[in-house]
Amino acid sequence: MEEKPVFGLVRPENDIHTLGLTTVSNLLEDCGSKIIIGDHVVVKCISNISSISNRSYLKKWIDVNNINRLGFSYRLDPKDGQYIFGKFYNFLESENLLQNNGGVIKGVYFSGLPKTCELIKKDFGEKVVTFIGDETMIETLTKLGISKSNIKDELIEGSKYDNFRMEFAKDFIQKGDYHFIKAVKNSSYSNYGTRKDTIEERLFNHKKVTDLPLVRAHVGPYNENRQEAIKLFKNWLKILSETKYLDIVSIGSSQLSQSNFGEEWNGKTNGGGVPINSEEDLIGIYEAGRPMLMRTYSGTNKTQELAEVYERTINICWHALSFWWFNKMDGRGPHDVKTNLRNHLETLQIIARHNKPFEPNISHHFSFRGADDVTYVLSSYLACIAAKKNGIKKIVLQIMLNTPKSTWGIQDLAKARAILNLIRELEDDNFKVFLQPRAGLDYFSPNLNKARHQLAAVTAMMDDIEPERPDSPDIIHVVSFCEAVELATPPFINESIQIVLASLEEYRKLKKAHPNIMLDLNKEVEPRMLYLYNTVKKIRKIIESNIMEPYSYEGLYEVLRRGILNAPYIWECRNEFEEAIRYKTRLINGASVLVYNDNKPVNIIEKVKNSFEIKLHQ
């Protein structure tokens, strides 16, 4: 009888990155393996493995739990990772724990940054299997030695759509025809590139000549010398405006630009990004980038004031706000959550007064903190209702796909379609939605050719969100394929846009030639989409029946405080939001699902109802 794999997953104390361990743990459990994740004692022992007592404790931990495979995770500095893992492997060898020395450990695995993996392979060769984090679920399980017979059918089935898109993408990139795609000309209207130009007018005229989307990209070099950084940025903008692939520049401003605009920065850490610190900086940037439209981050401190600054300097084409985020809870701003919500609702009224669109920059921030799919959909929905009530007439609906990156494509589509259907129901003569999907923040491989494949594959998924609309999506936020390795310079940005636009055209031709592709896909997506849609509609009704002013800043604060929105992995304000972190999530059939400690799914509707009953009876 084959020995059952028992994996011990460990990390040193100084690396708090645990999401990858959790994801791998869930995958292995689904395949029948037993998982033991090192607790705080094990973590401390790993960090000081020279200690005789720590080595003894680790040996006992391995023995008592019958561990026969070990996975080690370290995602910080490569040299540190090489040194720390080297000491760990030396411990396994010197204590005769490895199979080739008569020990019980049959496999050793390392997960970390690409450079760290490179150093580990140089030191240990085939003795250690390395993971750089861009592996698919099937690739991960195969590298971990899990036989195909032990991989659940739904894992294999769930990958069919993802595998189909990746095969399309590989073939598409290999042909190389995307290099020849030309920029779309949409400059025939009188306001083009002037201070009267708007995203709505740009989009309207764009759709007269093409079904392809407008393109937004994040742009922003960094240099410690502030003036040199701005000079380089203006040069980049000139290049991008001349090549004409990019329609909307998303200014990659620094953290200090967002938190301390107009103040003295001496002694403060900038944190990367373009160090913009005056209205004169912004006006110069606007002039350098014309005729491209521009947008930038909201302020984390002077949110209302900076919204007005962006209007009079860069003629911002739309504003983005994060509601529950960019404050003390995620360490990105100075305010508590309630104050942040109040500031953002007041800023919505400023945006409405200028008749500009609003982008809810929200759902993926919940996902970054381990939220379930219902929270992902609900948070965007509530934000859009609040926006409409505060006078907003246009929504730029950003949907970040691949978040978490191990999500199955069919689940991504279900979330995207559920959000879009819910928010399109809010549309009327005075409220319009523009769809803007994007790839996940940490989706791309450090292998640039593989990253090109990934960009084409995720673009295909964007086209499947609203397949009944030939001109959807309206806008694509293009994440440059190089961003796992290096900063996106103009050549990388332009090539990324070419990949996106050309792959859309090619994928649409493929679907037209094979209509059954969408019929089969819709059968897979529809049940999950309907579940998310109906669940969120019910939750809205419960909220509105139990919170007096649900779309005020106090009401939206209550939604988080009561745990109606979930964020299990927030690190600050945990006592304040104990209900939001009460349950964990895990991937089930490629979806992020809220579960109890025994991994059984939580009944979301009952949980929401109970959140009010418990509070009312306290």
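Residues numbered from 1 in each chain as written. Predicted model: local features only at pLDDT ≥ 70, side-chain atom pairs only at ≥ 80, totals over all residues. Heavy atoms only, no water.

This part takes up the overall build of the protein. Within the protein, the secondary structure is distributed over 21 helices and 15 strands. Whereas a compact globule of 618 residues would reach a radius of gyration of roughly 25 Å, the protein reaches 25 Å, a difference of no more than 12%. Principal-axis analysis of the C-alpha atoms gives the protein an extent of 80 × 65 × 60 Å. In the protein, which comprises 618 residues, the share counted as buried stands at 58%. (Helix = DSSP H or I, 4+ residues; strand = E, 2+ residues; numbered from the N terminus. Rg over C-alpha atoms; globule rule 2.2 N^0.38 Å. Buried < 20%, exposed > 50% of the residue type's maximum accessible area, 1.4 Å probe, protein only.)

To continue, consider the sheet that holds strand β1 (residues 6-10). With parallel pairing, the 5 strands of this open sheet are ordered in space as β2-β1-β3-β4-β5. Each having just a single partner strand, β2 (34-37) and β5 (129-131) make up the two edges of the open sheet. Averaged over all adjacent pairs, the angle separating strand axes in this sheet is 20 degrees, with direction ignored. One ladder, built from 6 bridges, connects strand β3 (residues 69-74) with strand β4 (residues 107-112); its direction is parallel. Along β4, the bridge assignment pairs F72 with F110. (Pairing = 2+ DSSP bridges. Axes fitted to C-alpha atoms, helices over the stretch in contact; angles between N-to-C directions.)

All chains considered together, the criterion is met by 24 aromatic pairs. Taken together, a centroid distance of 5.0 Å and an interplanar angle of 45 degrees make the contact between F72 and F88 tilted. Of the two residues, F72 sits in strand β3 while F88 sits in helix α4 (residues 78-94), which places them 16 residues apart along the sequence. For F72, a relative accessible area of 2% corresponds to the buried category. A relative accessible area of 3% means that F88 is categorised as buried. Its end group placed over the ring of Y161, R165 keeps NZ or CZ at 4.7 Å from the ring centre. (Phe/Tyr/Trp six-rings, centres within 6.5 Å; stacked < 30°, edge-to-face > 60°. Lys NZ or Arg CZ within 6 Å of the ring centre and 35° of its normal.)

Let's shift gears to the pattern of salt bridges. On inspection of all chains with the given rule, the structure shows 46 salt bridges. With its nearest N and O atoms 4.0 Å apart, the salt bridge here joins K127 to E93. One end of the pair, K127, is in the loop between α5 (114-124) and β5; the other, E93, is in helix α4, and 34 residues separate them in sequence. On the accessibility criterion, K127 (48% relative accessible area) is partly exposed. Taking relative accessible area as the criterion, E93 reaches 30% and is therefore assigned partly exposed. The partner of E544 in a salt bridge is R540, with the nearest N and O atoms 2.8 Å apart. Remark: R540 and E544 occur in helix α19 (residues 516-546); sequence separation between them is 4 residues, near one turn of the helix. (Salt bridge = Lys/Arg side-chain N within 4 Å of Asp/Glu carboxyl O.)

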